Structure formats: C-alpha cells, structure tokens
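The chain contents come next:
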Amino acid sequence: MQDFPLARKTLPSGLRTLLLPRKDVQSVTFLVLIGVGSRYETLKQNGLSHFLEHMFFKGTETRPTAKQIAEAIDGVGGEFNAFTGEEYTGYYVKVAAEHLQHGAEVVSDILLRPLFPQVEIEKERGVIIEEIRMYTDMPMRHIHHLWNEALYGDHPLGRRIDGDEATVSKFMRKDFLGYTNKHYHTKNAVVAVAGNFEEKSTQALLKDLFSPLSKGEETTPKAAPRRVPHQRFVHEHRKHLDQSHLMVGVPGYARDDDRNYAASLLSAILGNGMSSRLFSVVREQHGLAYMVRTMADHYTDTGSFVTQAGVRTDKAAQALELILAEYDRIQSEPVTEEELHKAKQMARGGMVLSLEETNSIAMFAAEQELLETKMKTPADLWKKLERVTVQDVQEVAVDLLDPERRTVALLSPHKSTKSFEKLLY
C-alpha cells in the first residue's frame, strides 16, 4: 500500500487543515468540507443544505455573477464543483498545480463573500425543483429515497437530501443567511489540499484566505432514531415502469465500529463484482437482473447494509426470494478462505485505484478528519482488512442479517405486494 504523507494543523481560529503532498502528479485539489448536511435540518428546512450549496456559486462581492465565478476556473482549465450529503457539504476545485493559489482564492471567495441575491434564489428554485423531479423519475435513484424512508421514517436521515417541492418553494434569502451563520464557521470546517504544491507557502495561503471565516463550535445533528428500521416494508406503485426496483437489507454499523471491516468484506462476497454470490445467482443463473449489488453505508451513529437490484417485474418476488436465501446461506455456512482472500484483494485494489486522483485523496482525509475520532491511512485500513478472518465475517453475518430486522423497499408496477411481504415476514 502506497505512502500517505499528511500534515495536519489546526489554525489559531480553530480551522483544521490537511496538506497531502504528491510530487508525482501535475494537479492539485483544494477541498473545503463543512460539517453540515441534510440530517441537520428541521422538517421545514428540508433541502436547505443542498439549495445553499447551489447559491454559493451565484455571485460574490468580488465576482457578482455566476458567469464570472465559472469563468474564473474555466479560464485555467480547472474542475469546480460541490456536493451535499447527509452529514457534510463539500466545495472543491481541481487545477493544474501552478494555478493552486487562484483556485483556492475562488473557493474561499464563494464561501466567505456570497451575495445570495434574491433574483438568483428565484431562478435556482426552479432549477432545484426540476432536479427533484428528475431524480424522482429515475427509478435507480428514487429507490434509495424509499429505502431511507423505510429505515429512518420521519427523521432527517429518512428525508431526501434535495428536499421536496413544498419546502424548496418557501426558502428566502434570510434562510440562507441564518443557516450559513449557524453552520459555516471554523470548527465546523476542514480544508484539505492534495497534489503537487509547496507545503510552507500553501499553509500560509490557507491562513490568509480563511482568516475572515467566523469562529464557532461544531454543530451537532439530531441523533439517529433508536427504532430502526422504522418500517420493514415500503412500496411505491408506478403503473408504467418496465422494471421493478428493490432494496433489501438491514440496519448497519456506525462509522467508527470496528466490525465495519468484516461487514465491508461480507458485502463484497455477497454482491460486489461479477463473481459475487448474488450476481452469480440472480443474474447469471436465473437471468432476472442486469444489476445487483450489495453495499454498506455508514453515518456517525448508524448505518445500513443493503442489496439493490433492478429486476424483471414478473419475477421480482423470485428475485427477492433468491436474495433472502443468500442472506440465510451466508449466515449458516461460513464463507471460504478463497472468497475472503478475493474480497480483500478487491478492497485493496479499489483503494489503490481511487487514491490515484488528487480529489479522492483530499476527500479520503477530510471526511475522516470531520467525522471520525482517528485518522487512518490506507496502510492502516489495509492492515485492518488483512486481519479479518472467516470467523469474523461469519459473526458479522449472523449479527447483521437477522431475519427480524430485514427490510424491503420496492418500486414497481405491482398493485398487490402480498407475495413480497410473505417472503419478508
């Protein structure tokens, strides 16, 4: 596993900075990760974190228009974007190494000197409503909304990151200003720089650029619900779908839980790759799906372990039955040493490939700094994975895949769901 040079420093203001130098590349990524996302919102605020992310690109005191902001990065051939999750919002620029100072200045500019003009809010409101409609119309995306609803119910984790049309239609400039003042400050932020740069001058640059960022404490989201899953079966009927989409799984482990290493290997054995158990059974043996995959997701205080598939509608119940049967089998029959070795090599290869990109390196470190109690290098993670035994995987399978906690989200043309519920209960 490759070296992972990292310099961590907390500025006097409380802002955490991470420098990750890589002299073998010609680019650099500048990332600001803010510790606020959709799970920090009240019901009336649902979608505000995401809407706010959009609005930072709509004009600043020094670049009053969205076009000027875009041209500032387009003009140096850079990549400029942002993203909103449940537990954080990120803003980054990736540029050729010689343009680091310029790229970093643009990111700091949008975050520290935004205008939030009401005319732009009104225009972007329409854009986001269309975004909501677009993802609702995409079954492979919308099934995730149903899955979160099944697990978390009327908790922020159970709601859509992009909100709904009713909430998005009501946000005003004062909402963006208040939310920014509450969450966008020094101890709720991490700045990471990864790529080809000079460390001393870059550290000075960060201190200078972010000196105007207001001081403040980390904000805390509403705790995950104790009763998980909220519902064991959620179904949305859509008459004209050509395919049924389902997610079946269980509540998982929180981010810092050491059982996640075994759980990640368990998910790989079940449904990660063309030689996984579920791919072999559901697709290759029975021809019921093009896509079937298993994944483990984590938040700071909860998580999920879930299999997703898009399947033949007339065979959707059979597909669910096959998935549940594989859950049963992996609980009762230990995985083989060969399967475990393959899963470990897949995990190792995935880490190596993902960390060849400077934006992935920055995100790898910043996410840990923001959400975890201890920073782990890729080598640390690999050592943890290497130590996982067949018995560890078996114990996690028995613990996680409890039939009494299995949950299904279904998006399909089926009016009656008795055959699905019968399999689950």
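Quick look at the structure, then. (Residues numbered from 1 in each chain as written. Predicted model: local features only at pLDDT ≥ 70, side-chain atom pairs only at ≥ 80, totals over all residues. Heavy atoms only, no water.)

What follows deals with the overall build of the chain. Counting its secondary structure elements, the chain contains 16 helices and eleven strands. Along the three orthogonal principal directions, the C-alpha set of the chain runs to about 60 × 50 × 35 Å. By the burial criterion, 56% of the 425 residues in the chain qualify as buried. Counting contacts in the chain only where the partners sit at least 6 residues apart, residues at least 24 apart contribute 81% of the total. Accessible surface computed for the chain: about 19,000 Å², of which carbon and sulfur atoms make up 50%. Positive and negative charge centroids in the chain, built from 53 and 59 side chains respectively, lie 3 Å apart. (Helix = DSSP H or I, 4+ residues; strand = E, 2+ residues; numbered from the N terminus. Buried < 20%, exposed > 50% of the residue type's maximum accessible area, 1.4 Å probe, protein only. Contact = heavy atoms within 4.5 Å. Areas by Shrake-Rupley, 256 points an atom, 1.4 Å probe, with all protein chains shown as cover. Lys, Arg positive; Asp, Glu negative; His and termini not counted. Charge placed at Lys NZ, Arg CZ, Asp CG, Glu CD.)

We now examine the pairing of strand β11 (residues 407-412). Among the six residues in β11, six count as buried, and that is most of the element. Side chains Thr407, Ala409 and Leu411 of β11 all project onto a buried face; the interleaved residues Val408, Leu410 and Ser412 project onto the opposite face, where all are buried too. Relative to β11, strand β7 (residues 233-237) is paired through five bridges, and the arrangement is parallel. The partner of Glu236 across the bridge, within β11, is Leu411. (Pairing = 2+ DSSP bridges.)

Right, let's talk about the sheet that holds strand β8 (residues 244-251) for a bit. Pairing is mixed across the open sheet formed by five strands, whose spatial order is β7-β11-β8-β10-β9. The open sheet has two free edges, formed respectively by β7 and β9 (289-298), since each of these has just one partner strand. Averaged over all pairs of adjacent strands, the angle between strand axes in this sheet comes to 10 degrees, irrespective of strand direction. Each of β9 and β10 (303-311) is contacted by helix α10 (residues 277-285), which is oriented at about 150 degrees to β9, the strand it contacts most. (Axes fitted to C-alpha atoms, helices over the stretch in contact; angles between N-to-C directions.)

Moving on, we come to the pattern of salt bridges. Within this structure, the stated rule accounts for 29 salt bridges. Glu130 is the partner of Arg133 in a salt bridge, and the nearest nitrogen-oxygen pair spans 2.8 Å. In this pair, Arg133 and Glu130 both sit in helix α4 (residues 118-136), three residues apart, roughly one turn of the helix. By relative accessible area, Glu130 is classed as partly exposed at 44%. A salt bridge links Arg283 to Glu284; its shortest N-O distance comes to 3.5 Å. (Salt bridge = Lys/Arg side-chain N within 4 Å of Asp/Glu carboxyl O.)

Taken as a whole, this structure holds 15 aromatic pairs when the rule is applied. Their ring planes at 15 degrees and their centres at 6.1 Å tell us that Phe30 and Phe210 sit as a pair that is stacked. Residue Phe30 is located in strand β3 (residues 27-34), and its partner Phe210 is located in the loop between α8 (199-209) and β7; the two are separated by 180 residues in the primary sequence. Of the two residues, Phe30 and Phe210, neither departs from the other in class, the shared state being buried. Aromatic pair Phe83 and Tyr92: ring centres 6.4 Å apart, planes at 45 degrees, arrangement tilted. Owing to a relative accessible area of 25%, Phe83 belongs among the partly exposed residues under this scheme. Taken together, the ring pairs in this structure connect Phe51, Phe56, Phe57, Phe80, Tyr91, Phe116, Phe171, Phe176 and Tyr184 into an aromatic cluster. (Phe/Tyr/Trp six-rings, centres within 6.5 Å; stacked < 30°, edge-to-face > 60°.)

Residues Leu266 and Leu400 are the most contacted members of the largest nonpolar core, which totals 69 residues. Each residue touching Leu266, except ones within four places of it in the same chain, is listed here: Phe305, Ile330, Val393, Val396, Ala397 and Leu400. If you look at the next biggest cluster of nonpolar residues, it comprises 49 residues, including Ile69, Phe80, Val95 and Val193. (Core = buried A, V, L, I, M, F, W, Y, C linked by side-chain atoms within 4.5 Å.)

What follows is about the packing of helix α12 (residues 337-354) against helix α14 (residues 378-386). Contact geometry for α12 and α14: axes closest at 10 Å, N-to-C directions at 175 degrees. Viewed along their axes, α12 and α14 adopt a mutual orientation that is roughly antiparallel. Across the interface between the two elements, Lys344, Gln345, Ala347, Arg348 and Met351 of α12 pack against Pro378, Leu381, Trp382, Leu385 and Glu386 of α14. (Parallel < 35°, antiparallel > 145°, perpendicular 65-115°, else oblique.)

What follows covers the side chain of His142. If you trace the backbone, His142 turns up in helix α5 (residues 139-152). The residues contacting His142, other than those within four sequence positions of it, are Tyr135, Thr136, Arg160, Glu236, Arg238 and Leu411.

Here the focus is α4. Think of an α-helix as turning once every 3.6 residues; residues three or four places apart then point the same way. Between its first and last C-alpha atoms α4 spans 27 Å; for 19 residues at 1.5 Å apiece the expected length is 27 Å, and the two agree. What α4 keeps buried is the set Glu120, Ile121, Glu124, Arg125, Ile128, Ile129, Glu131, Ile132 and Tyr135. Buried residues in α4 make contact with α1 (48-55), α5, α6 (165-168) and α7 (173-183). (Expected span 1.5 Å × (residues − 1).)

Strand order across the open sheet formed by six strands is β1-β2-β6-β3-β5-β4, with mixed pairing between neighbours. In the strand order of this sheet, the two ends are held by β1 (7-10) and β4 (79-84), each with one partner. Between one strand axis and the next, the sheet turns by 15 degrees as a mean value, whatever way the strands run. Helix α13 (residues 358-371) rests against β1, β2 (16-21), β3, β4, β5 (89-96) and β6 (189-195) of the sheet, and its axis sits at about 25 degrees to β3.

On to α8, then. All of the buried residues in α8 are Thr202, Gln203, Leu205, Leu206 and Leu209. Taken down its axis, α8 places every buried residue within 155 degrees of arc, on the same side. Seen from the buried face of α8, the exposed residues on the opposite side, beyond 90 degrees, are Lys200 and Asp208. Looking at where α8 begins, the residue whose side-chain oxygen comes 3.3 Å from the main-chain nitrogen of Lys200 is Glu198. (Arc of directions from axis to C-beta. Polar contact = N/O pair within 3.5 Å; in protein donor to acceptor, adjacent residues only side chain to side chain.)

With that out of the way, let us pick up the side chain of His185. With respect to the element layout, His185 can be found in the loop between α7 and β6. For His185, the contacting residues outside a window of four places in its chain are Leu213, Ser214, Lys215, Gly216, Glu217, Glu218 and Thr219.

Note that the residue after Val228, namely Pro229, is joined by a cis bond; omega there is 5 degrees. Residue position: Pro229 is located in the loop between α8 and β7. Of note, Phe116 is a non-glycine position whose phi angle comes to about 50 degrees, a positive value. Along the polypeptide, Phe116 turns up in the loop between α3 (100-112) and α4.

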